[in-house]
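Descriptive structure summary
Letter by letter, the chains look like this.
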Amino acid sequence: MNNYLDYFLEQRMNSVDGEEIKGALEAVSIEEKNCLELFKVQIRHCQQQLALIGERIAAGWHTHELLTQKRAFEEQEFVLNVAAQIQQCSYETKGIQKLLYFEKNESSRERIAVDASVMMYEWCEDLNELTGKKYQDIAKRLLSEAALAKTRIARKKLADFFKQEYWCPLNMF
């Protein structure tokens with residue numbers, strides 16, 4: 001261990017507190033996995049509705065109302081996919097966090113930390129793309145100005161993090 005804080009954390013992980021922390025991380029992981037499953041159900045519902053609308057349009061039903069519904073389900077599916085990706089990122093981060101906290105081998109800890117850093121970097125790129133123009137167009141119609149400003153600030157922070165030229169995962173040690 002390189003410093004007192006590392007030593008303190010290692011002592012906590014090896015104590016009764018460590019078991020409590022491990023249990024809490026496992027409970028959060030289960031909850032996040034359940035949320036991912038709910039996103040899948042919602043996305044599947046949107047896809048089923050879109051298929052039904054497509055069939056009705058092909059059968060010659062009144063298209064104006066159907067096209068309005070189609071657009072709403074397409075937008076809902078898109079937003080749910082973005083939210084599911086964010087949830088997936090959180091879920092995977094918790095898994096790596098648990099590995100990192102309880103790994104005893106220093107070289108394994110370094111490898112896990114590097115993997116975590118690379119994963120977060122890649123997620124930043126993905127989330128920045130997912131929250132691009134299409135997302136912003138949908139958000140403009142659904143969110144208040146204050147909420148929209150928060151999404152833009154968050155997106156800018158992700159972009160800034162991603163664009164750092166000298167970002168190095170090993171700087172954490």
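Model, not experiment: these values are computed from the prediction.

Let us look at the overall build of the protein chain. For the protein chain, the count of helices and strands is six helices and zero strands. Counting the 173 residues in the protein chain, one finds 25% classified as buried. For the protein chain, long-range pairs separated by at least 24 residues make up 72% of all intrachain contacts whose partners lie at least 6 apart in sequence. Carbon and sulfur atoms make up 57% of the accessible area of the protein chain, which amounts to about 11800 Å² in all.

This brings us to the pattern of salt bridges. As enumerated under the stated definition, the model contains nine salt bridges in all. Of the charged contacts in the structure, one is a salt bridge between Glu-32 and Lys-94, with a shortest N-O distance of 3.5 Å. A residue pair is termed long-range when its members are at least 10 positions apart, and Glu-32 in helix H2 (residues 16-58) and Lys-94 in helix H3 (residues 63-102) qualify at 62 residues. Linking Glu-37 and Lys-40 is a salt bridge whose minimum nitrogen-to-oxygen distance equals 3.3 Å.

Glancing now at helix H4 (residues 106-130). With 25 residues, H4 should reach 36 Å at 1.5 Å per residue; the first-to-last C-alpha distance of 36 Å fits that figure. Considered for burial, the residues of H4 that qualify are Ser-108, Arg-109, Ile-112, Ala-113, Ala-116, Ser-117, Met-119, Trp-123, Cys-124, Leu-127 and Asn-128. Where the residues of H4 are buried, they touch H3 and helix H6 (145-163).

Mapping Glu-75 onto the fold places it in helix H3. In this structure Glu-75 comes out as buried when scored by relative accessible area, which is 18%. Not counting residues up to four positions away in its chain, the partners in contact with Glu-75 are Ile-138 and Arg-141.

Looking at where Asn-128 falls in the secondary structure, it is placed in helix H4. Setting aside residues no more than four positions away along its own chain, Asn-128 makes contact with Arg-155 and Ala-159.

One finds Phe-39, Ile-43, Cys-46, Leu-50, Ile-53, Leu-66, Phe-73, Leu-80 and Ala-84 forming the largest nonpolar core, which totals nine residues. The set of elements that each furnish at least two residues to this core consists of H2 and H3. Element by element, the count of residues in this core is highest for H2, at five residues. Those residues in contact with Leu-50 that sit more than four places away from it in its chain are Lys-70, Phe-73, Glu-74 and Glu-77.

Quick look at the environment of Glu-92 now. You can see Glu-92 is positioned in helix H3. Residues Glu-92 and Ala-116, spaced 24 residues apart in sequence, show a C-alpha to C-alpha distance of 9.0 Å. Setting aside residues no more than four positions away along its own chain, Glu-92 makes contact with Met-119 and Trp-123.

The next subject is a negative patch on the surface. A surface patch of negative charge is lined by Glu-122, Glu-125, Asp-126 and Glu-129. Topologically, Glu-125 is positioned in helix H4. Since its relative accessible area comes to 32%, Glu-125 is described here as partly exposed.

Turning to the packing of helix H5 (residues 133-142) against H6, a few remarks are in order. Two numbers describe how H5 lies on H6: the axes approach to 10 Å, and their chain directions differ by 155 degrees. As summarised for this structure, H5 and H6 are arranged roughly antiparallel, according to the angle between their axes. Counted together, Gln-136, Ala-139 and Lys-140 of H5 and Leu-148, Thr-151, Arg-152 and Arg-155 of H6 form the full contact between these two elements. For the contact of H5 with H6, the per-class residue count stands at two nonpolar, two polar and three charged.

With that settled, the discussion passes to the confidence of the model for the protein chain. Here the protein chain averages 83 in pLDDT, while 85% of its residues score no lower than 70. This model gives residues 168-173 a pLDDT under 50, and the stretch forms 10 contacts once residues within four places in sequence are excluded.

Procedures and definitions
Residues numbered from 1 in each chain as written. Predicted model: local features only at pLDDT ≥ 70, side-chain atom pairs only at ≥ 80, totals over all residues. Heavy atoms only, no water. Helix = DSSP H or I, 4+ residues; strand = E, 2+ residues; numbered from the N terminus. Buried < 20%, exposed > 50% of the residue type's maximum accessible area, 1.4 Å probe, protein only. Contact = heavy atoms within 4.5 Å. Areas by Shrake-Rupley, 256 points an atom, 1.4 Å probe, with all protein chains shown as cover. Salt bridge = Lys/Arg side-chain N within 4 Å of Asp/Glu carboxyl O. Expected span 1.5 Å × (residues − 1). Core = buried A, V, L, I, M, F, W, Y, C linked by side-chain atoms within 4.5 Å. Patch = residues over 30% accessible without salt bridge, like charges linked within 9 Å, V, L, I, M, F, W, Y side chains within 5 Å. Lys, Arg positive; Asp, Glu negative; His and termini not counted. Charge placed at Lys NZ, Arg CZ, Asp CG, Glu CD. Axes fitted to C-alpha atoms, helices over the stretch in contact; angles between N-to-C directions. Parallel < 35°, antiparallel > 145°, perpendicular 65-115°, else oblique. Nonpolar A, V, L, I, M, F, W, Y, C, P; charged D, E, K, R; others polar. pLDDT = per-residue confidence, 0-100.

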